[in-house]
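Spelled out, the chains give:
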Amino acid sequence: MHTSSARRSAVATALVATFGLGLAACDGASGSQSAVVVSTPSADSSSVHPGAVTLDPPDAKPALALTDQDGHSYDLAKQTAGHPTLLYFGYTHCPDVCPTTMADLAQAARGLPTAERRSLRVVFVSTDPTRDTPRGLKRWLGAIDPRFIGLTGDFTTVQRAAKSLGVGISAPVKHKDGSVTVSHGAEVFAFSPKDDKAHLFYTSGTSEQRYAADLPEIVKGENP
């Protein structure tokens, strides 16, 4: 990462104090959710403002080649190059955080002019690839916004990509009662079409109104 361990720890502490950032542990059976504090993406704590955190320096798009919802190979860096891109790590069986976040992004994106909406890429990377098949991703995302891109594949590859952005995810844990707990970060990263780097990320709980207000600037490669 771009910052030293000491600075990263200080920033994480500041962000947790401000937003309650952490690793969301979602139990698909019970719908319960708990939060455990983990390291957050490298950021300048002086630039923290509600909903969004500026990354200084910005983060590169992770090297990530997986399978999309149509069963085709998808190279994230290559196939989103030059496009404003929103990236989120989650899973389709998530009872609350994931569907709410994606629905908010979908509603916000609908307010963009047609050309800008076509240029925008919203990418959902599964942290539960065993259950999230391409067909399952297509069905789930289709109910939210069929233009969204869903990716699934090797968990270690996904975890490595998330870690490059400072996002913590853990392998799904199946319990004796058949329920599965999947722990994942809940940030949305916004990559600029100008340099394909993330200049900011949005914390869990960011409102649809905030996304709607910021997207016109993000698609132009400007920081809100």
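These figures come from a predicted structure and were not determined experimentally.

## Here's the deal with the pattern of salt bridges
Stage number 1. Taken as a whole and judged by the stated rule, the model has seven salt bridges.
Stage number 2. Of the charged contacts in the structure, one is a salt bridge between Glu116 and Lys220, with a shortest N-O distance of 3.1 Å. Linking Glu116 in helix α4 (residues 114-119) with Lys220 in the segment after α7 (208-218), this pair joins segments that are 104 residues apart in sequence.
Stage number 3. Owing to a relative accessible area of 44%, Lys220 belongs among the partly exposed residues under this scheme.
Stage number 4. Here Arg117 and Asp145 are joined by a salt bridge, their closest N and O atoms 2.9 Å apart. Of the two residues, Arg117 is situated in helix α4 and Asp145 in the loop between α5 (134-142) and β9 (149-152); the sequence distance between them amounts to 28 residues.
Stage number 5. Among the residues examined, Arg117 registers a relative accessible area of 6% and is labelled buried.

## Focus: the packing of aromatic side chains
Stage number 1. The tally for this structure, following the rule as stated, stands at four aromatic pairs.
Stage number 2. Summarising the aromatic geometry, the rings of Phe124 and Trp140 are spaced 4.9 Å apart at their centres and angled 45° between planes, so their arrangement reads as tilted. With Phe124 in strand β8 (residues 121-126) and Trp140 in helix α5, the pair connects residues that are 16 residues apart, well separated along the chain.
Stage number 3. Here Phe124 falls in the buried class, since its relative accessible area comes to 0%.
Stage number 4. Each member of the aromatic cluster is reached from another via a ring pair, and the members are Tyr88, Phe124 and Trp140.

What counts, and where the lines are drawn
Residue numbering note: each chain is counted from 1, following its sequence as written. Only residues with pLDDT of at least 70 get local features here, since the model is predicted, and only at 80 or more are side-chain atom pairs given and counted; chain-wide, interface and lining totals rely on the full set of residues. Computation of side-chain values: all heavy atoms of the structure, hydrogens and water removed. Salt bridges are defined as contacts in which a side-chain nitrogen from Lys or Arg sits within 4 Å of a carboxyl oxygen from Asp or Glu. Where helices and strands are cited, they refer to DSSP runs of H or I of at least four residues and of E of at least two residues respectively, numbered from the N terminus. Throughout, exposure labels follow a simple rule: accessible area from a 1.4 Å probe, protein chains only, divided by the maximum for the residue type, with under 20% read as buried, over 50% as exposed, and the rest as partly exposed. The criterion for an aromatic pair is that two Phe, Tyr or Trp rings (for Trp, the six-membered ring) have centres within 6.5 Å, with stacked assigned to planes under 30 degrees apart, edge-to-face to planes over 60 apart and tilted to the rest.

Just geometry here; none of it tells us what the structure is for.
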